[in-house]
Amino acid sequence: MGKGGCCYPAWIGIRNQLLVKVETDEGIVGWGESGLSGREKAVVGAIEHYADFLIGMDPMQIGRIWQDLYRSQYFEGGRVLQAAISALDIAFHDIKGKALGVPVYDLLGGKQRDFIPTFASTAAAPGPAMLDEAKMLVDAGWTAMRLSPAGHQNEKIYEPREHIADTAKWCIKARELLGDDVVLGIDYHHRLTVAEAATFGQRMPKGTLDFLEEPIRAESPEAYEALRRLIVIPFAIGEEFASKWQFLPFIERDIHQFNRLDVCNVGGLTESMKIAGWSEAHYVDMMPHNPLGPICTAATVHFAAAVPNFSWLETRASPAETHLGFDNSDFFPVQPRLEGAVYPVSDAPGLGVEVNEELLAKQDFRYWQAPRLVRRDGSVTNW
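The structure reproduced in this document is the subject of the present report. (Residues numbered from 1 in each chain as written. Predicted model: local features only at pLDDT ≥ 70, side-chain atom pairs only at ≥ 80, totals over all residues. Heavy atoms only, no water.)

## A short note on the overall build of the protein chain
Next, step 1: Regarding its fold elements, the protein chain presents 12 helices and 12 strands.
Next, step 2: Rg of the C-alpha trace for the protein chain: 20 Å, near the compact-globule value of 21 Å for 383 residues, within the 12% margin.
Next, step 3: In terms of principal-axis extent, the alpha carbons of the protein chain reach across some 60 × 45 × 45 Å.
Next, step 4: Looking at the protein chain residue by residue over its 383 residues, the buried ones come to 57%.
Next, step 5: At a minimum sequence separation of 6, the contacts of the protein chain that also span at least 24 residues come to 71%.
Next, step 6: Element-wise, carbon and sulfur atoms account for 51% of the exposed surface of the protein chain, whose accessible area totals about 15,700 Å².
Next, step 7: Seen as two clouds, the 36 positive and the 51 negative side-chain charges of the protein chain have centres 5 Å apart. (Helix = DSSP H or I, 4+ residues; strand = E, 2+ residues; numbered from the N terminus. Rg over C-alpha atoms; globule rule 2.2 N^0.38 Å. Buried < 20%, exposed > 50% of the residue type's maximum accessible area, 1.4 Å probe, protein only. Contact = heavy atoms within 4.5 Å. Areas by Shrake-Rupley, 256 points an atom, 1.4 Å probe, with all protein chains shown as cover. Lys, Arg positive; Asp, Glu negative; His and termini not counted. Charge placed at Lys NZ, Arg CZ, Asp CG, Glu CD.)

## What about the packing of helix α2 (residues 62-71) against helix α3 (residues 79-100)?
Next, step 1: The interhelical angle for the contact between α2 and α3, taken along N-to-C directions, is 165°, at an axis separation of 10 Å. Taken together, α2 and α3 sit at an angle that is classed as roughly antiparallel. The chirality of how α2 crosses α3 is right-handed. Taking contact as the criterion, the partners of Ile 62, Ile 65, Trp 66, Leu 69 and Tyr 70 in α2 are, on α3, Gln 82, Ile 85, Leu 88, Asp 89, Phe 92, His 93 and Lys 96. (Axes fitted to C-alpha atoms, helices over the stretch in contact; angles between N-to-C directions. Parallel < 35°, antiparallel > 145°, perpendicular 65-115°, else oblique. Left-handed = near helix turned anticlockwise from the far one by under 90°.)

## Some points on the nonpolar core
Next, step 1: Formed by 83 residues in total, the largest nonpolar core has its most connected members in Ile 116, Phe 200, Ile 295 and Leu 360.
Next, step 2: No other element matches helix α11 (residues 294-306), which puts nine residues into this core.
Next, step 3: Setting aside chain neighbours within four positions, we find Leu 360 in contact with Tyr 8, Ala 10, Ile 12, Leu 19, Trp 31, Phe 331 and Val 355.
Next, step 4: Cys 7, Leu 69, Ala 87 and Phe 92 belong to the second largest nonpolar core, which has 27 residues in total. (Core = buried A, V, L, I, M, F, W, Y, C linked by side-chain atoms within 4.5 Å.)

Next comes the structure, spelled out in structure tokens:
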């Protein structure tokens, strides 16, 4: 690497994106993205530490660099460092693909599918508007979607028990409206306890939902095993995991069925491919987390194209979420574009994304905090 590169924490759409540019002394530029939303400045600091010794290294040696980044400190790992490693690793893959004139998926073993099926999310709270959005998505070509829990629109107070029955009722109505062929899930954003999640699952007939995403915090595999004994809905978890070691007990103990792996948090494409192979041996499908910008989408499309055990990629660019603005074409004139409900797999060298760096450099960073939720008694609860 020659000049090194630059970090751009910039407000695009309704949140910041942390984009990382890596330059080589041969003039090749690679782009990566970090996924630690709300703590972008911490990741910038980590990348600045890494830049001190990355300059002068060969970016083609991606696996070796990954090990050097991970093992070059006593306090290895963690979400901040892994988000930094993720962005750099993705940028190195972009550089190598461009240098060799091949798409990134060719660096991962080649393309196993020509397009990437996606699941979309409804934006409205449970009720008639949610059903209208779900029907709109089916009419637009989606066969898999994620519904919205009740109570999640309130940015100050969240009381799960006040909303569980209502959410379950509208999930049942969605299944009745859409029929048996549509894949339906719901994301609880790990806001529930084991007991609350069990109550939710037990309020619905079997077969209502095809996946339950992040119902509880994932620090304890034992808690997930307890929940598994209480309900039968397949689990989709792992978007907050920052290494293969965090996935280890969940994969080895067959706790979940879908990996919500995030290439921008887990350690980039290098770590993602290892987790995918491990998951394949346990018949766990990859269902990647993708709530960020086009760099994340492109990297995940290449990953999804290269692995056999894949179900759906999250998209936030459906007709139900046009307000988000993450894929603003002014910043990303060339990027993955949905064709109906799927992403075609680009054969352009590298990631296949072009960035308007001049405009990006002018865009402000904004300090943003996630809602700090409390229960009605004043105690702090999960966002």
